[in-house]
Protein chains: 2
Amino acid sequence: MFIEELKNIAAQIDTVIREDAFPATIEPAFLRDAVRDYPCRGGKRLRPAIVLWSCGLLGGKPESATHAAAAAEIFHNWTLVHDDIIDNDDFRRGQPTTHAALRQFSCDTYKLDGNAAAKFGADFAILTGDLQQAWANSMLLRSVEAGVSAELTLKLALRMQDFVNRELISGEALDVEFPLIGPEKLSTEQVNRMLYLKTGVLLQFCAETGAMIALGSADREQPAIKALGEYASDAGIAFQYRDDWLGLYGDQEKFGKPIGSDLAEAKPTLMLIKALEALSPQGKSELLSLLGRDSYSGQAIDRARFLIRDSGAEDFVLRESESRIRNAHAKLMTLPENPYRKLLEELLAYLIGRTV
Amino acid sequence: MFIEELKNIAAQIDTVIREDAFPATIEPAFLRDAVRDYPCRGGKRLRPAIVLWSCGLLGGKPESATHAAAAAEIFHNWTLVHDDIIDNDDFRRGQPTTHAALRQFSCDTYKLDGNAAAKFGADFAILTGDLQQAWANSMLLRSVEAGVSAELTLKLALRMQDFVNRELISGEALDVEFPLIGPEKLSTEQVNRMLYLKTGVLLQFCAETGAMIALGSADREQPAIKALGEYASDAGIAFQYRDDWLGLYGDQEKFGKPIGSDLAEAKPTLMLIKALEALSPQGKSELLSLLGRDSYSGQAIDRARFLIRDSGAEDFVLRESESRIRNAHAKLMTLPENPYRKLLEELLAYLIGRTV
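Counting restarts for each chain, with residues numbered from 1 along the sequence as it is written. Chain letters start at A and ligand numbers start at 1, both assigned in the order the entries are written. Owing to the predicted nature of the model, reporting of local features is limited to residues with pLDDT of at least 70; listing and counting of side-chain atom pairs is limited to 80 or more, with chain, interface and lining totals taken over all residues. In computing side-chain properties, one takes all heavy atoms of the structure into account and sets aside hydrogens as well as water.

Details of the overall build of chain A
The number of helices and strands found in chain A is 15 helices and 2 strands. Over its C-alpha trace chain A gives a radius of gyration of 21 Å, about what one expects of a compact globule, namely 21 Å for 356 residues. Oriented by its inertia axes, the alpha-carbon framework of chain A measures out at about 65 × 60 × 35 Å. Burial classes: relative accessible area under 20% of the type maximum marks a residue as buried, over 50% as exposed, and values in between as partly exposed (1.4 Å probe, protein chains only). In chain A, buried positions account for 58% of the 356 residues. All accessibility values rest on the Shrake-Rupley procedure with a 1.4 Å probe; residue burial counts only the protein chains present in the view. Just so you have it, chain A exposes about 14000 Å², and 51% of that area is on carbon and sulfur atoms. His is not counted, nor are the chain ends; Lys and Arg add positive charge and Asp and Glu add negative charge. Charge positions are represented by NZ for Lys, CZ for Arg, CG for Asp and CD for Glu. For chain A, the distance from the average position of its 40 positive side-chain charges to the average position of its 51 negative side-chain charges is 2 Å. Per the convention used, a helix needs a DSSP run of H or I reaching at least four residues, while a strand needs a run of E reaching at least two, with both numbered from the N terminus. We take the radius of gyration over the C-alpha atoms and set the globule estimate at 2.2 Å times the residue count to the 0.38 power.

Thoughts on the side chain of S321(A)
Locating S321(A) in the fold gives a position in helix α14 (residues 313-333). Contacts are residue-level and defined by heavy atoms, with any inter-residue pair within 4.5 Å sufficient. Not counting chain neighbours up to four residues away, the residues in contact with S321(A) comprise A238(A), Y241(A) and R242(A).

Re the domain arrangement of chain A
Residues and elements named next belong to chain A. Segmentation into domains, and thus their bounds, comes from an automatic or database assignment. Domains assigned within chain A are domain 1 (1-148) and domain 2 (149-356). Distance from the C-alpha centre of domain 1 to the C-alpha centre of domain 2: 22 Å. Residue-level contacts link 36 residues of domain 1 with 41 residues of domain 2. Surface buried jointly by domain 1 and domain 2 totals about 3300 Å² across both partners, of which 79% is contributed by carbon and sulfur atoms. The working definition used for a salt bridge is a side-chain nitrogen of Lys or Arg within 4 Å of a carboxyl oxygen of Asp or Glu. The salt bridge involving K198 is made with D83; its shortest N-O contact spans 3.9 Å. We call two N or O atoms a polar contact when they sit within 3.5 Å, provided that within protein one can donate a hydrogen and the other can accept it, with sequence-adjacent residues counted only if both atoms are side-chain atoms. Where domain 1 meets domain 2, there are 3 residue pairs in polar contact (both at pLDDT 80 or more). Counting residues per element, the ones that place at least two in the side of domain 1 that touches domain 2 are α1 (2-19), α3 (46-57), α4 (66-86) and α6 (114-141). Accessible surface is computed with a 1.4 Å probe, and the buried area is the amount of it that two parts give up when combined, taken over both parts together.

Topic: the nonpolar core
What we call a nonpolar core is a set of buried Ala, Val, Leu, Ile, Met, Phe, Trp, Tyr and Cys residues that are connected through their side-chain atoms within 4.5 Å. Of all hydrophobic cores here, the largest spans 248 residues; its most connected members are L228(A) and L228(B). It is helix α9 (residues 223-249) of chain B that contributes the most residues to this core, 15 residues altogether. Look past the residues within four positions of L228(A) in its chain and what remains in contact with it is S54(A), L57(A), L58(A), A207(A), A211(A), L332(A), L335(A) and L344(A).

A look at the interface of chain A and chain B
Contact with chain A, which involves 52 residues of that partner, is made by 52 residues of chain B. Here chain A packs against chain B, burying approximately 4400 Å² in sum over the two surfaces, 68% of which is carbon and sulfur. For chain A, the biggest contributors to the area lost against chain B are E27(A), L154(A) and R166(A); these three give 14% of the whole. The shortest N-O distance in the salt bridge between E27(A) and R193(B) comes to 2.6 Å. If you look at where chain A meets chain B, you find 22 residue pairs in polar contact (both at pLDDT 80 or more). Contributions of two or more residues to the side of chain A that touches chain B are made by α2 (29-40), α4, α6, α7 (150-181) and α8 (188-215) of chain A.

What follows is the structure, given as structure tokens:
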């Protein structure tokens with residue numbers, strides 16, 4: 001039931017995005033294709049599901065939130081395009097990233113190579129994300145076509161600038177800055193703040209936007225809107241905690257990335273920062289010495305696992321994750337019981353399910 | 001009178017932008033400073049002047065268009081931040097560009113150097129422009145606070161996505177692509193299209209937005225709105241033609257850039273493309289051989305000047321510029337005579353005046 005409903009939403013959002021006229025007049029053609037690329041790649045479309053089900057839960061017609069749902073997805077995608085340039089990632093889920101694909105295009109079409117091709121890829125990927133940001137805004141602004149009032153649409157569009165963009169990009173910036181500060185100088189509060197901005201904010205916006213469209217109000221202090229917002233941001237942060245845990249203690253087969261890649265990147269996860277806070281000076285310097293290596297032996301990974309477990313940080317991050325999930329669930333239970341609430345409840349279980 | 005009025009507008013827009021709360025909560029602090037940098041650098045604020053005077057000309061209160069005027073200026077600035085990364089420019093009017101300033105910040109604060117510092121500068125300059133795009137949208141959406149109706153504000157915000165962003169970024173992309181195609185394969189139509197997208201569109205939006213706020217209508221087919229839009233885009237393109245002419249035939253003292261730098265970059269100006277179309281095969285290949293050099297003797301510049309003049313392309317581009325100016329003026333004269341029309345008339349003379 002849940003998986004089927006999620007697939008229905010994915011199919012519906014795929015169609016809305018694929019058929020949307022916004023990119024059609026972009027020049028040159030390869031840039032138009034790049035703008036369409038990530039948003040049309042499909043995927044689970046969890047963000048649109050949260051928008052539509054939150055709207056349904058509070059008695060709204062999910063159809064009236066379709067533009068907002070598609071906008072959230074396009075918004076998410078433009079931030080990925082720029083993130084991928086910044087992170088120097090050439091692959092996203094097995095397919096070339098935008099800048100990598102454009103780099104290859106420049107080799108094939110303009111016979112560029114080396115630095116010139118890399119610069120072509122990055123330059124046009126910057127413009128790709130810029131256009132996708134406008135596409136997301138355009139999609140959201142067209143919510144009036146689905147019956148959302150002009151006043152509410154304006155407020156939603158304003159929140160996409162003042163809340164989502166500003167906070168999410170601040171989170172991305174902190175994420176890029178943290179490795180330069182160094183994990184030993186970061187606090188768990190700083191890491192949690194970054195996680196909320198980078199991951200929680202857009203999910204909160206999705207739930208709140210669905211709720212706002214249902215209630216015809218942009219008042220974030222309304223209990224139902226607030227409860228759904230907390231549900232979504234806590235669910236997202238809990239997922240991130242568990243994903244970070246899986247990155248060290250998980251099963252290589254089930255997990256997407258190599259175990260230990262977070263250690264190699266010295267990724268400032270809550271678990272790592274907590275361990276560095278809790279360990280003895282000797283333990284701390286040993287754990288720091290295990291970060292940022294080019295490759296990892298099984299022994300080195302086992303030693304990092306031991307130190308983090310021994311510090312209590314593994315237990316801490318799993319409890320923090322559980323606490324967020326319980327809070328998200330409790331917020332949901334304050335709202336009317338109906339099939340949409342059930343779907344959002346199953347979404348929570350689905351997110352945790354990845355860790356079983 | 002005109003210069004005084006322009007200074008008043010610059011002072012007013014400076015204040016609106018400097019005091020705006022949007023950037024205040026951006027993290028980290030150096031990113032917040034970068035977001036404020038270009039928009040707060042001042043300058044002539046010609047785009048806001050066009051918005052406010054177009055509004056006044058058609059009987060609107062210029063104050064009601066203040067948000068739109070500031071939004072156009074911030075929008076212009078974010079595109080410059082991303083352009084400067086793409087063009088590898090380290091200076092903008094004698095001051096460091098955003099990515100150059102951030103690169104230096106990373107040297108001073110995080111002791112980065114070489115490629116790492118350059119990457120830091122470019123990465124955070126990408127995020128700076130991303131945030132400024134949201135800031136421009138936020139500013140425009142807050143036009144409702146100045147009495148613009150929610151419906152009209154929505155339509156203006158939608159035009160900023162579907163018209164300005166999409167067309168302007170397409171123009172920027174064509175401008176980056178053209179050197180790869182090569183000037184001998186470009187047509188004057190392609191160059192004019194790129195110029196309209198990159199330069200004309202935002203100016204047209206400024207004039208039309210002021211007019212739309214005055215008339216409370218977003219109908220671009222209304223004669224007064226259309227006339228002001230053509231006035232502004234023709235004025236901008238005429239300016240660009242003459243600026244390109246000055247880049248080869250102008251006085252080094254009065255002109256900002258070194259004479260011949262357009263030849264060095266093989267910049268596909270209308271004048272160059274027209275010359276390549278009109279010259280004999282021998283003349284064409286000689287002119288092509290004068291492009292893309294590392295340095296230029298006075299003799300080489302004189303030879304390029306001769307070939308372009310001899311082809312009729314110099315005369316052509318000056319006539320095209322005059323024709324645009326005449327058209328812009330004629331459009332303005334179809335509108336009511338009042339002090340705002342006079343200011344827009346003087347703005348046209350002012351733009352040409354730079355070329356005397």
